[in-house]
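# Observations on the three-dimensional arrangement
Chain by chain, the residues:
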Amino acid sequence: MSMKALYPMVAIARNTFRETVRDRVLYAFVVFAFILTLAGILLGSISVGQDLRILEDLGLATIAFIGGIIGIFVGTSLVHKEVERRTIYLIVTKPLSRWQFVTGKYIGLALCLLVVSAAMGGFLLGVVALLNPDHAVNPLMVEAVALIYLELLFVIAVATFFSTFATPLMSVVFTLSVWFIGHFALSLRALGRLSSDAATSRFFDFLYWLMPDLASITKIRGDLMYGRQPEMELLVFLCSYVCAYIVLLLSMATVITERREFP
Amino acid sequence: MTSSVIETNQLTKDHFSHILRKRFRAVDGLTLKVETNETYGLLGLNGAGKTTTLKLLVGLLRPTAGTVSVLGHRAGDRRALGRIGFLPENPYFYSYLTGGEFLDFAAELFGLPVKERRERSRALLKMVSMADSENVPLRKCSKGMLQRLGIAQALINDPDVLFLDEPMSGLDPIGRRDVRLIMMELKAQGKTVFFNSHLLPDVNEICDRVGVLHRGRLAGEESVSAISSGGSYQDLEEYFLTTVNQAESERQALVVSK
């Protein structure tokens, strides 16, 4: 694949990035995240010697939550908005493949979330450093933010997939469901084992294998905050695992977009 | 390889209603050919199937039956898309971009390098009289300005064939004159233009040949010079109305006989 073939994808990605960062709602969310992070100072002050811990935990949860909300609300309208506003006419009549279009949209949003996550993470580190100048920048916290971003990459892939065929409202419901179920994947398996019916058990087992195990990411994030560095093999496995889901979701989104007409 | 730039053969397109899946035939057995450097105007009443035909030609829709080729390739093929320009009806743009950014975006979709993108964007903004509005956000542009930008983006890749859906729509008399002049200039450059319009005086001035679409069928096709020579018809308007009325009478006679 020549570099020239990447131009259309870069154009779509840059345009999506521009669209997202020029939307004022994004800044409202980021400001809200900053306020939530600062609320950690208040909560920490009423704890017994755990003020920094609470601030860090609340800050990371805020990054995951606000990042997820931005990802879901922007991601679910990513392709749908182009169709609804008919700007898609100007894109699909140009010589680019549908995979370039879908991947470009995804990369644009992923870059925007990278900037947002970095800003929120930087703010959290800054607040921690201000409160306790002796507390050096915790590299494990940077890793924890990176893990949140990895999860967000999965969430926006799900949102992009649904946005190719469902309305934004339905896409939000579907994506939130997958995100939520992903955090309780092990419970699905346990639920199946509780049933005496073999078919029900198999069904929940199938759901367990189908859904991503996002709880593992949260667990490793928790370990990091307790100062336990996970093994490199585990991190590589997690990245590959999420990447495989992203490739699968974007491939399905491409196939759906490929088959679509634009009346 | 076909000799015609645009060729359709028994092109048919059915639309289906959402819930009951009721079939509606928008284009019915359309066969036409457009040659190189020809300016072809597709005329018809509202709902005649003009926009659907154009969407089939640029690959936004797929035919239910029949074939459609552009520059020797199946419509929608990337080899054809790389050599065409398309202006949709009432073009919708990204309101958060400026005119310059939008044209740069359109050029990048064709894989043009940065230097060429900038040069072409500036030249086209000048061509459509929008050089002063390069940095104006599209949400602040009037309908006429957006139409001009739509034409500019359709020309960004220096296309061999142009598909324009109602290019004069929303333009004031000066804008219409400018677009007419642009289209004449494009013809002088050897480009093929296929467009839909309701504005018969403009069609009369620009087109080499016109086709009249009625209820999805091609009711008539004639060269503008033959119409203007005053043989069977006084002018294009009379040709258009006669053709439409005749097609409608034939259709009703067919319905009664069934």
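In short, a report on the structure. Note that the structure is predicted; figures quoted are calculated from it, not measured.

## So, the overall build of chain A
- Secondary structure assignment for chain A yields twelve helices and zero strands.
- Moving toward the C terminus, one meets the helices and strands of chain A in the order α-α-α-α-α-α-α-α-α-α-α-α.
- Scaling as 2.2 N^0.38, a compact globule of 263 residues should have a C-alpha radius of gyration of about 18 Å, and chain A matches this with 20 Å.
- Taken along its principal axes, the extent of the C-alpha atoms in chain A is 65 × 55 × 35 Å.
- Sequence-distant contacts in chain A: of pairs separated by 6 or more residues, those separated by 24 or more amount to 79%.
- Split by element, the accessible area of chain A, about 12800 Å² in all, is 71% carbon and sulfur.
- Side chains of chain A give 20 positive and 18 negative charges; the mean places of these two sets differ by 12 Å.

## Looking at the sheet that holds strand β8 (residues 192-196) of chain B
Residue and element names in this part refer to chain B.
- Taken in spatial order, the six strands make up an open sheet running β6-β7-β8-β3-β9-β10, and their pairing is mixed. Edge positions in the sheet fall to β6 (84-87) and β10 (217-223), since each of these pairs with one other strand and no more. Here the average twist between neighbouring strands, direction ignored, is 15°.
- Where strand β3 (residues 39-44) and β8 come together, four bridges link them in parallel fashion. Paired with tyrosine 40 across the strands is phenylalanine 194, a residue of β8.
- Helix α5 (residues 143-154) rests against β6 and β7 (161-165) of the sheet, and its axis sits at about 165° to β6.

## Notes on helix α10 (residues 198-210) of chain A
Residues and elements named next belong to chain A.
- For α10, which comprises 13 residues, the first-to-last C-alpha distance of 18 Å matches the rise-based estimate of 18 Å (1.5 Å per residue) to within 8%.
- By the burial criterion, the buried members of α10 are Phe204, Leu207 and Tyr208. The buried residues of α10 occupy one face: seen down the axis, they fall within an arc of 105°. Exposed residues on α10 whose side chains face more than 90 degrees from its buried face are Arg202, Phe206 and Trp209.
- Residues of α10 that are buried sit in contact with α9 (185-194).

## Comments concerning the packing of aromatic side chains
- A full pass over the atoms with the stated rule returns 16 aromatic pairs over all chains.
- Centroid distance phenylalanine 180 of chain A to phenylalanine 184 of chain A: 5.0 Å. Interplanar angle 50°. Geometry classified as tilted.
- With a relative accessible area of 56%, phenylalanine 180 of chain A lands in the exposed category.
- Judged by its relative accessible area of 43%, phenylalanine 184 of chain A is partly exposed.
- Each ring, one from phenylalanine 163 of chain B and one from phenylalanine 194 of chain B, has its centre 6.0 Å from the other, and the planes form 50°; the classification is tilted. Note that phenylalanine 163 of chain B is positioned in strand β7 and phenylalanine 194 of chain B in strand β8, a separation of 31 residues in sequence.
- Taking the relative accessible area as the measure of exposure, phenylalanine 163 of chain B reaches 0% and is therefore buried.
- Since its relative accessible area comes to 0%, phenylalanine 194 of chain B is described here as buried.

## Some points on the state of the cysteines
Residues and elements named next belong to chain A.
- Considering all chains together, one arrives at zero disulfides over all chains under this definition.
- Between cysteine 243, a cysteine without a disulfide, and cysteine 239, which holds the nearest cysteine sulfur, the sulfur-to-sulfur distance is 6.4 Å.
- Using a relative accessible area of 42% as the deciding quantity, one classes cysteine 243 as partly exposed.

## Re the interface of chain B and chain A
- Contacts between chain B and chain A engage 29 residues on the former and 31 residues on the latter.
- Where chain B abuts chain A, roughly 2900 Å² becomes buried across the two surfaces, and 58% of that area is made up of carbon and sulfur atoms.
- The interface formed by chain B and chain A contains three salt bridges.
- With its nearest N and O atoms 2.8 Å apart, the salt bridge here joins glutamate 108 of chain B to arginine 14 of chain A.
- Linking chain B with chain A are 13 residue pairs in polar contact (both at pLDDT 80 or more).
- Among the secondary structure elements, those contributing two or more residues to the side of chain B that touches chain A are α2 (78-81) and α3 (99-109) of chain B.
- In terms of residue class, the side of chain B that touches chain A is built from 18 nonpolar, three polar and eight charged.

## Some remarks on empty space enclosed by the protein
- Applying the stated criterion across every chain, the model contains four cavities of 30 Å³ or more.
- Of the volumes computed, that of the largest cavity is approximately 60 Å³.
- Lining the largest cavity, in full, are Glu19, Ser77, Leu78, Lys81, Glu82, Arg85, Thr87 and Lys105 of chain A together with Tyr94 and Tyr96 of chain B.
- Among the elements that line the lining of the largest cavity, the one with the most residues is helix α4 (residues 78-84) of chain A, at three residues.
- Classifying every residue of the lining of the largest cavity by side-chain character gives three nonpolar, two polar and five charged.

## Focus on helix α12 (residues 232-259) of chain A
- Between its first and last C-alpha atoms α12 of chain A spans 41 Å; for 28 residues at 1.5 Å apiece the expected length is 40 Å, and the two agree.
- Every buried residue belonging to α12 of chain A is among Leu235, Leu238, Val242, Tyr245, Ile246, Leu249, Leu250, Ala253, Thr254 and Thr257 of chain A, and all of these are buried.

## Topic: a nonpolar patch on the surface
Residues and elements named next belong to chain A.
- Taken together, the side chains of Leu169, Met170, Val173 and Phe174 define a hydrophobic patch exposed on the protein surface, amounting to about 360 Å² of accessible area.
- Position of valine 173 relative to the elements: it lies in helix α8 (residues 168-182).
- Overall, the relative accessible area of 41% leaves valine 173 in the partly exposed class.

## What to know about the side chain of serine 121 of chain B
- Relative to the helices and strands, serine 121 of chain B is located in helix α4 (residues 114-127).
- If we ignore the near neighbours within four places in the chain, the residues touching serine 121 of chain B are Leu103, Asp104 and Ile156 of chain B.

## Quick word on the pattern of salt bridges
Residues and elements named next belong to chain B.
- Applying the stated criterion across every chain, the model contains 32 salt bridges over all chains.
- Aspartate 158 is paired through a salt bridge with lysine 191; the nearest N and O atoms lie 2.8 Å apart. Of the two residues, aspartate 158 sits in the loop between α5 and β7 while lysine 191 sits in the loop between α6 (173-188) and β8, which places them 33 residues apart along the sequence.
- Taking relative accessible area as the criterion, aspartate 158 reaches 41% and is therefore assigned partly exposed.
- Each of the salt bridges in this network shares a partner with another, and the network as a whole consists of Asp14, Arg23, Arg25, Asp28 and Arg217.

Calculation notes
- Residues numbered from 1 in each chain as written.
- Chains lettered and ligands numbered in written order.
- Predicted model: local features only at pLDDT ≥ 70, side-chain atom pairs only at ≥ 80, totals over all residues.
- Heavy atoms only, no water.
- Helix = DSSP H or I, 4+ residues; strand = E, 2+ residues; numbered from the N terminus.
- Rg over C-alpha atoms; globule rule 2.2 N^0.38 Å.
- Contact = heavy atoms within 4.5 Å.
- Areas by Shrake-Rupley, 256 points an atom, 1.4 Å probe, with all protein chains shown as cover.
- Lys, Arg positive; Asp, Glu negative; His and termini not counted.
- Charge placed at Lys NZ, Arg CZ, Asp CG, Glu CD.
- Pairing = 2+ DSSP bridges.
- Axes fitted to C-alpha atoms, helices over the stretch in contact; angles between N-to-C directions.
- Expected span 1.5 Å × (residues − 1).
- Buried < 20%, exposed > 50% of the residue type's maximum accessible area, 1.4 Å probe, protein only.
- Arc of directions from axis to C-beta.
- Phe/Tyr/Trp six-rings, centres within 6.5 Å; stacked < 30°, edge-to-face > 60°.
- Disulfide = S-S within 2.5 Å.
- Buried area = accessible area lost by both parts, 1.4 Å probe.
- Salt bridge = Lys/Arg side-chain N within 4 Å of Asp/Glu carboxyl O.
- Polar contact = N/O pair within 3.5 Å; in protein donor to acceptor, adjacent residues only side chain to side chain.
- Nonpolar A, V, L, I, M, F, W, Y, C, P; charged D, E, K, R; others polar.
- 1 Å grid on protein atoms, 1.4 Å probe; cavity = no way out; pocket = protein on both sides within 12 Å on 5 of 7 lines; lining within 4 Å.
- Points joined across faces, edges and corners; volume = space filled by probe spheres on them.
- Patch = residues over 30% accessible without salt bridge, like charges linked within 9 Å, V, L, I, M, F, W, Y side chains within 5 Å.

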